[in-house]
Amino acid sequence: MPGLPSEPSAERPAAPRRPRASSTCPCGSGRGFGACCGPYLDAERTAPTAEALMRSRYTAFALDDTAHLLATWHPTTRPARLDLDADVRWTGLEVLATEAGTADDVRGVVEFRAHHVHAGRADVLHERSRFRRQDGRWFYVRGRTPAP
Ligand SMILES: [Zn+2]
């Protein structure tokens, strides 16, 4: 309200961590963060393919960037809020396979292994994630562990 002292601002989450633009991107592409996932996390650009979006979401997990994770989650499956497990440290991504997911598709699948250390123990998340392109943007829909 004009004229009234403003309320103390609500506690805001700390700004997400950002590596240097020139340092290797956490997604393992071999490119610099500023030439890979950086522009997607900073919403300067949208990921052109399902794989690029998946990589940017892995990088967002690695950097505790919940804003990017929520913004790229399809509205039909997006959680109301997201609390990342502080005991998980993401250590590497392997993209195993992709189906469709190009700039000309509306659906895409990316199968990957995401390596991490949970409470001091190495572990791996193996998932086939489904993506959907809507209004020119790719969104994560859901993922499941492939049958062995
Ligand atoms: Zn990247």
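Look up a bit, the structure's there.
Since we're looking at a predicted model, the values are computed, not measured.

Peer 1: Please clarify how the overall build of the protein should be interpreted in this entry.
Peer 2: Scanning the protein from N- to C-terminus turns up 3 helices and 4 strands. Reading the helices (α) and strands (β) of the protein from amino to carboxyl end gives α-α-α-β-β-β-β. Sequence-distant contacts in the protein: of pairs separated by 6 or more residues, those separated by 24 or more amount to 44%.

Peer 1: So what exactly am I meant to see when it comes to the pairing of strand β1 (residues 88-100) here?
Peer 2: Consecutive side chains of a regular strand alternate in pointing toward one face of the sheet and then the other. Where β1 and strand β2 (residues 107-118) come together, 11 bridges link them in antiparallel fashion. Paired with Arg89 across the bridge in β2 is Val117.

Peer 1: Would you explain the sheet that holds β2 in this entry?
Peer 2: Note on sheets: strands pair through backbone hydrogen bonds, and any given pair is parallel or antiparallel. Ordered in space as β1-β2-β3-β4, the 4 strands form an open sheet in which the pairing is antiparallel. Whereas interior strands pair on both sides, the edge strands pair on one side only; in this sheet they are β1 and β4 (137-144). Sheet twist, expressed as the average angle between the axes of neighbouring strands with direction ignored, equals 30°. Contacting β1, β2, β3 (121-134) and β4, helix α2 (residues 50-62) runs over the sheet at an angle of about 170° to β1.

Peer 1: Can you walk me through the pairing of β3 in this structure?
Peer 2: Both β2 and β3 contribute to a ladder of 12 bridges, which runs antiparallel. Bridge pairing links His115 to Val124 in β3. Between β2 and β3, which pair antiparallel one after the other, the connecting turn spans 2 residues, and Ala119 there sits at a positive phi close to 50°. Hairpin remark: β3 followed by β4, antiparallel, with 2 residues in the connecting loop; positive phi at Asp135, about 50°.

Peer 1: Explanation requested: α2 in the structure shown.
Peer 2: In an α-helix there are 3.6 residues to a turn, and that puts residues three or four apart on one side. Taking 1.5 Å per residue, 13 residues should reach 18 Å; α2 reaches 18 Å between its end C-alpha atoms and fits that length. In terms of residue burial, α2 counts as a mostly covered element, since 13 of its 13 residues are buried.

Peer 1: Please clarify how the nonpolar core should be interpreted in this entry.
Peer 2: Generally speaking, soluble globular proteins have nonpolar side chains that are buried together. If you look at the biggest cluster of nonpolar residues, it comprises 25 residues, and the most contacted ones within it are Cys37, Leu53, Tyr58 and Phe131. Those elements giving two or more residues to this core turn out to be α1 (38-41), α2, β1, β2 and β4. In terms of residue count, α2 provides more of this core than any other element does, 8 residues in total. Every residue in contact with Leu53, bar those within four places of it in the chain, is listed here: Ala47, Thr72, Phe131, Trp138 and Tyr140.

Peer 1: Where do I start with unusual backbone geometry in this structure?
Peer 2: In this structure, Asp64 takes a positive phi of about 55° despite not being glycine. Here Asp64 shows up in the loop between α2 and α3 (66-71). Given 16 C-beta atoms within 10 Å, Asp64 falls into the partly exposed group. One non-glycine residue, Ala119, lies in positive phi territory at about 50°. Checked against the element boundaries, Ala119 lands in the loop between β2 and β3.

The rules behind the values
Residues numbered from 1 in each chain as written. Predicted model: local features only at pLDDT ≥ 70, side-chain atom pairs only at ≥ 80, totals over all residues. Helix = DSSP H or I, 4+ residues; strand = E, 2+ residues; numbered from the N terminus. Contact = placed C-beta atoms within 7 Å. Pairing = 2+ DSSP bridges. Axes fitted to C-alpha atoms, helices over the stretch in contact; angles between N-to-C directions. Expected span 1.5 Å × (residues − 1). Buried ≥ 20, exposed ≤ 12 C-beta atoms within 10 Å, placed from the backbone. Core = buried A, V, L, I, M, F, W, Y, C linked by C-beta atoms within 7 Å.

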